[in-house]
Amino acid sequence: MNFPSRVITIAGSAAGGSAGIQADLKTFQELDVYGMSVVTAIVGRHPETDKNVHPQTLEAIEAQFATAMKQVGADGLKTGMLFSKEVIETVAALIKDSSIENITVDPVMIGKLDSKLLRDDAIDALMNKLVPRATIITPNVPEASLLLGGRDMTNVDDLKQAAIDLYPLGADNVLVKGGRLEGPAVDVLYDGKTITTFEAPRIHTVNTSGAGCTYSAAIAAYLAKGESITEAVRLAKSFVTTAIEHGFSYTEFVGPTYHAATRRFDEAHEIKVN
Ligand code: PXL
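The rules behind each value
Residues numbered from 1 in each chain as written. Predicted model: local features only at pLDDT ≥ 70, side-chain atom pairs only at ≥ 80, totals over all residues. Heavy atoms only, no water. Salt bridge = Lys/Arg side-chain N within 4 Å of Asp/Glu carboxyl O. Helix = DSSP H or I, 4+ residues; strand = E, 2+ residues; numbered from the N terminus. Buried < 20%, exposed > 50% of the residue type's maximum accessible area, 1.4 Å probe, protein only. Contact = heavy atoms within 4.5 Å. Expected span 1.5 Å × (residues − 1). Pairing = 2+ DSSP bridges. Polar contact = N/O pair within 3.5 Å; in protein donor to acceptor, adjacent residues only side chain to side chain. Right-handed = clockwise from strand over helix to strand, strands pointing away.

1. A look at the pattern of salt bridges
Part 1 of the reasoning: Within the structure shown, the criterion is met by 9 salt bridges.
Part 2 of the reasoning: Across the pair Asp 75 and Arg 6 runs a salt bridge whose closest N-O atoms are separated by 2.9 Å. Highlighted residues: Asp 75 in the loop between α2 (58-71) and β4 (76-79) and Arg 6 in strand β1 (residues 6-14), separated in sequence by 69 residues.
Part 3 of the reasoning: We classify Asp 75 as partly exposed; its relative accessible area is 24%.
Part 4 of the reasoning: A salt bridge links Arg 263 to Glu 30; its shortest N-O distance comes to 2.7 Å. On the criterion of sequence distance, the pair formed by Arg 263 in helix α9 (residues 261-264) and Glu 30 in helix α1 (residues 20-30) is long-range, its members being 233 residues apart.
Part 5 of the reasoning: The class of Arg 263 is exposed, set by a relative accessible area of 57%.

2. Details of the side chain of Thr 196
Part 1 of the reasoning: Turning to its location among the elements, Thr 196 is positioned in strand β9 (residues 195-200).
Part 2 of the reasoning: With residues up to four places along the chain from it excluded, the contact list for Thr 196 reads Asp 187, Val 188, Leu 189, Thr 230, Val 273 and Asn 274.

3. Re the environment of Leu 147
Part 1 of the reasoning: Within the element layout of this structure, Leu 147 appears in helix α5 (residues 141-147).
Part 2 of the reasoning: By relative accessible area, Leu 147 is classed as buried at 8%.
Part 3 of the reasoning: Residues Leu 147 and Glu 227, spaced 80 residues apart in sequence, show a C-alpha to C-alpha distance of 28 Å.
Part 4 of the reasoning: Leu 147 has contacts with Met 109, Ile 123, Leu 126, Met 127, Pro 139 and Leu 166, leaving out every residue within four places of it along the chain.

4. Let's talk about helix α8 (residues 229-245)
Part 1 of the reasoning: Here α8 is 17 residues long and its end C-alpha atoms lie 24 Å apart, about the 24 Å a rise of 1.5 Å per residue gives.
Part 2 of the reasoning: Listed as buried for α8 are Ile 229, Ala 232, Val 233, Ala 236, Lys 237, Ser 238, Phe 239, Val 240, Thr 241, Thr 242, Ala 243 and Ile 244.

5. Here we look at the pairing of strand β8 (residues 185-190)
Part 1 of the reasoning: Across the 6 residues that make up β8, a large majority, 6, are buried.
Part 2 of the reasoning: Side chains of β8 alternate between two faces, with Ala 185, Asp 187 and Leu 189 and Val 186, Val 188 and Tyr 190 buried alike.
Part 3 of the reasoning: Where β8 meets β9, 6 bridges bridge the pair, whose relative direction is antiparallel. Note on β9: the bridge partner recorded for Leu 189 is Thr 196.
Part 4 of the reasoning: Connecting the antiparallel pair β8 and β9 is a turn made up of 4 residues, with Gly 192 showing a positive phi of about 95 degrees.

6. Thoughts on the side chain of Ser 98
Part 1 of the reasoning: Here Ser 98 is to be found in the loop between α3 (85-97) and β5 (102-105).
Part 2 of the reasoning: Overall, Ser 98 belongs to the buried group, its relative accessible area being 18%.
Part 3 of the reasoning: Separated by 3.2 Å, the side chain of Ser 98 and the backbone nitrogen of Ile 100 make a polar contact.

7. A short note on unusual backbone geometry
Part 1 of the reasoning: With a phi angle near 55 degrees, Asp 32 is a residue other than glycine that sits in the positive phi range.
Part 2 of the reasoning: Turning to its location among the elements, Asp 32 is positioned in the loop between α1 and β2 (34-43).
Part 3 of the reasoning: In the Ramachandran plot, Phe 83 falls in the positive-phi region, its phi being about 75 degrees despite a non-glycine side chain.
Part 4 of the reasoning: When you line up the elements, Phe 83 lands in the loop between β4 and α3.

8. Notes on the pairing of β4
Part 1 of the reasoning: Judged by which residues are buried, β4 turns out to be covered on both faces: Gly 76 and Lys 78 on one side and Leu 77 and Thr 79 on the other are all buried.
Part 2 of the reasoning: Here 4 bridges tie β4 to β5, and the two strands are oriented parallel to one another. Paired with Thr 79 across the bridge in β5 is Val 105.
Part 3 of the reasoning: Taking the sense of rotation as the criterion, the β-α-β connection linking β4, α3 and β5 turns out right-handed.

Structural data, given as structure tokens:
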């Protein structure tokens with residue numbers, strides 16, 4: 001048998017199962033890649049406080065990565081919540097010393113409930129140490145805005161300009177995600193030469209917890225399987241759009257996207273690529 005491609009996520013644990021490591025591993029499984037994880041922090045999330053972040057030690061992070069690389073190896077890697085400058089520097093060094101080719105960096109900063117997932121003093125390290133090692137970065141509008149010093153972004157032209165302006169940070173590809181704007185969900189990819197847009201219909205739902213994690217995990221999975229950047233983004237956006245369409249909630253809290261939706265309903269949203 002051909003073994004499945006291998007992907008490792010370096011991210012935080014989201015106890016509720018919608019986001020973080022949990023969303024990444026569910027996505028990997030759905031897309032038939034072999035999932036591995038390095039837990040950077042445990043988030044015992046609570047709407048009213050950000051004191052529930054329990055960072056792991058740098059030693060624990062290095063040990064998890066070393067174990068996964070020794071026992072399995074990886075064809076792709078994704079980063080999610082890293083939280084501190086020290087963790088970012090450690091992870092950047094691990095990536096530098098590895099031979100992993102496909103690096104997806106989701107510059108996770110703030111959770112849906114305004115929980116702080118990246119310290120203010122870590123943004124410089126993210127920009128200078130990690131982003132330059134990325135095959136692709138996947139900021140949403142608030143993240144792109146912060147990386148650009150607090151720029152206002154309200155339409156697709158703003159997303160395009162942001163992607164162009166983030167490119168010099170050193171990632172091979174920049175994907176600015178417009179899910180938080182009005183109208184259709186348009187994302188903009190820039191590879192230093194060409195702008196490509198990916199459009200899905202707007203889905204009216206509040207149950208989008210972990211959508212960003214799921215999207216970037218799917219990109220990482222498709223890259224590890226050997227898809228081109230454009231095709232990986234298109235397929236991943238289709239996967240996450242279907243997951244969002246079938247999102248649900250067990251309680252009064254914002255619920256998860258449904259990671260199994262593409263498989264369970266055997267449907268995939270069409271994405272317009274331009
Ligand atoms: O959705 C962003 C995110 C990423 N990682 C962890 C999270 C969240 C959101 O809550 O908890 C660990």
